[in-house]
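Reading the structure
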Amino acid sequence: MKVQVCIIGGGPSGLLLSQLLHLKGIDTIVLEKYSREHVLARIRAGVLEHGFAKLMREAECGERMDREGEIHDGFEIAHDGVLDRVDLHKYSGGNSVLVYGQTEITRDLYEARDRIGGKVVHNAEDVTPHDLKSDKPYVTYRANGETVRVDCDYIVGADGFHGVSRKSIPSDVLREYEKVYPFGWLGVLSRTKPVNPELIYVKHERGFALCSMRSQVLSRYYVQVPLTDKVEDWSDDAFWAELKRRLPTEVAGRLITGPSIEKSIAPLRSFVAEPMSYGRLFLAGDAAHIVPPTGARGLNSAASDIYYLYHAMLAHYQKGDDSGLEGYSAKALARIWKAQRFSWWMTMMLHRFPDRIEYEDRLQQTELSYLFSSEAAQRMLAENYVGLPF
Ligand code: APR
Ligand code: PHB
């Protein structure tokens, strides 16, 4: 089989790129390791920056997102028993974020690929990129016991943190930067009305908590837990009791609880791989970088990769201009590191660190009091949270 661009990974990054390129007449195939049901059962974050939403519309996938997504102009930070609001709209020059689940984004992208006959292979086993440094790279995979070969001009590695693409860059070329945080987030999804119209990020001496939502009837809550905790240790009752302890009394009083539909623990990690390209292979999204979820940057960081790659490939196929592809890694990394910095900063400001000295605790408190006493600091937070320009 021959295509122009072979995309490894059918998560939001791979699907969005495939859809955008297809609409411009560029032939792609997406090779996904798991079934569609498996991919759509993963619960991920739910805050979209406007740049990502714009790309979804450009990909002709924005209709349900615009109908069902909620525009949020701000969020709250609870600390020391009070709620302080971050006015995103005011401090970002009129921008906002869209609250719409990432699982729904992926579903919309799959449906769009179906509508226009996009090639997506599920349950592709042993996907392997070959000859990355030649001008005739190819990818092999196994399906139904047979090996299939896909010849292509370019390979995009959009196969997430555990994928095969990054690992196919030689170790003397690839440099990895990583910080692992000493805690995780225990998340619960419940069919209940959210406790607040806007998200509440909570800094508390018992640990961080977050009140988020997917819609007006579906809530998503998190509490910081030690990495040694197991989901089985946490009954629904224990989760709600711990969440209430961390919320300001007035908020805890109006929390509506219910059975969990999903409950899981995610460790927090910051990670960047450099470079993001090698020969004819280009990495995008979680394959190249991970952020802790505190700044809601995960999918939004993938968005700029997709935007740069999409435009670089258009320039190549439509004008024979390769400068975008050559500059992709440097350009993508410049924005990625800013998202890393912001996610690290939010994480350090709001969590409880078991090994911290008192001096650092005082600095952490000062970070928050400075934030809410300075319009410049709130502007910094807002412009990063709604998404830096591509
Ligand atoms: N071969 C083919 N596909 C693979 C392989 C492989 N060897 N390994 C992983 N995959 C698939 C995964 O099953 C998954 O569907 O690649 C896809 C990668 O999707 P994501 O992990 O969702 O990564 P990405 O599309 O870059 O999305 C980034 O999603 O995970 C969140 O926080 C993340 O918000 C960010 C966004
Ligand atoms: C979520 O809704 O899952 C969510 C929202 C904001 C974050 C992280 C997760 O910062």
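The notes below deal with the structure included here. (Residues numbered from 1 in each chain as written. Chains lettered and ligands numbered in written order. Predicted model: local features only at pLDDT ≥ 70, side-chain atom pairs only at ≥ 80, totals over all residues. Heavy atoms only, no water.)

1. Considerations on the overall build of the protein chain
Looking only at helices and strands, the protein chain features 12 helices and 20 strands. The C-alpha radius of gyration computed for the protein chain amounts to 21 Å, which stays within 12% of the reference 21 Å derived for 390 residues, consistent with globular compactness. Considered along the principal axes of its C-alpha atoms, the protein chain spans approximately 60 × 40 × 40 Å. Among the 390 residues that make up the protein chain, the fraction classed as buried is 54%. (Helix = DSSP H or I, 4+ residues; strand = E, 2+ residues; numbered from the N terminus. Rg over C-alpha atoms; globule rule 2.2 N^0.38 Å. Buried < 20%, exposed > 50% of the residue type's maximum accessible area, 1.4 Å probe, protein only.)

2. Overview of the site of ligand 1
As a matter of local geometry, ligand 1 sits amid 24 residues, with Glu32, Arg42, Arg44, Gln102 and Leu299 nearest to it. Here Glu32 contributes a side-chain N or O atom positioned 2.6 Å from an oxygen atom of ligand 1. Taking Asp286, its side chain carries an N or O atom lying 3.0 Å from an oxygen atom of ligand 1. At the level of elements, α1 (12-23) and α9 (298-319) are the ones that each hand at least two residues to the shell around ligand 1. Broken down by class, the residue content of the shell around ligand 1 amounts to 9 nonpolar, 9 polar and 6 charged. (Near = heavy atom within 4 Å. Polar contact = N/O pair within 3.5 Å; in protein donor to acceptor, adjacent residues only side chain to side chain. Nonpolar A, V, L, I, M, F, W, Y, C, P; charged D, E, K, R; others polar.)

3. Side note on the side chain of Ser212
Tracing the chain through its elements places Ser212 in strand β15 (residues 209-215). Setting aside residues no more than four positions away along its own chain, Ser212 makes contact with Leu199, Ser219, Arg220 and Tyr221. (Contact = heavy atoms within 4.5 Å.)

4. Considerations on the environment of Val5
Residue placement: Val5 occurs in strand β1 (residues 5-8). Since its relative accessible area comes to 0%, Val5 is described here as buried. Put simply, Val5 and Val150 are 145 residues apart on the chain and 9.6 Å apart in space, counted from C-alpha to C-alpha. With sequence-adjacent residues up to four places away left out, Val5 is seen in contact with Leu21, Ile26, Asp27, Thr28, Ile29, Tyr154, Val156, Met313 and Tyr317.

5. Examining the pairing of strand β5 (residues 74-79)
Of all 6 residues in β5, 6 are buried; the element is thus mostly enclosed. Here β5 shows two buried faces, one formed by Gly74, Glu76 and Ala78 and the other by Phe75, Ile77 and His79. Where β5 meets strand β6 (residues 82-87), 6 bridges bridge the pair, whose relative direction is antiparallel. Its bridge partner being in β6, Glu76 is matched across the sheet by Arg85. Taken together, β5 and the strand that follows it, β6, pair antiparallel across an intervening segment of 2 residues, in which Asp80 is found at a positive phi of about 50°. One ladder, built from 3 bridges, connects β5 with strand β14 (residues 200-202); its direction is parallel. Residue pairing for β14: Glu76 is matched across the bridge by Ile200. (Pairing = 2+ DSSP bridges.)

6. A few points about the packing of aromatic side chains
According to the stated counting rule, one finds 18 aromatic pairs in the structure shown. Ring geometry for Trp185 and Tyr222: centres 4.8 Å apart, planes at 50°, overall tilted. On the criterion of sequence distance, the pair formed by Trp185 in strand β13 (residues 175-190) and Tyr222 in strand β16 (residues 218-225) is long-range, its members being 37 residues apart. Of the two residues, Trp185 and Tyr222, both sit in the buried class. Members of the aromatic cluster, each reached through a chain of ring pairs, are Phe75, Trp185, Tyr201, Phe208, Tyr222 and Tyr385. Positioned above the aromatic ring of Tyr138 is the side chain of Arg149, whose terminal nitrogen or guanidinium carbon lies 3.6 Å from the ring centre. The aromatic ring of Tyr385 is capped on one face by Arg297, whose charged end is 5.9 Å from the ring centroid. (Phe/Tyr/Trp six-rings, centres within 6.5 Å; stacked < 30°, edge-to-face > 60°. Lys NZ or Arg CZ within 6 Å of the ring centre and 35° of its normal.)

7. Looking at the pairing of strand β11 (residues 146-151)
With 6 bridges joining them, strand β10 (residues 138-143) and β11 adopt antiparallel strand pairing. Counterpart to Val139 in the pairing with β11 is Val150. The loop that links β10 with its antiparallel partner β11 comprises 2 residues; one of these, Asn144, has a positive phi angle of about 50°.

Honestly, that's just the spatial picture; any functional story needs more than this.
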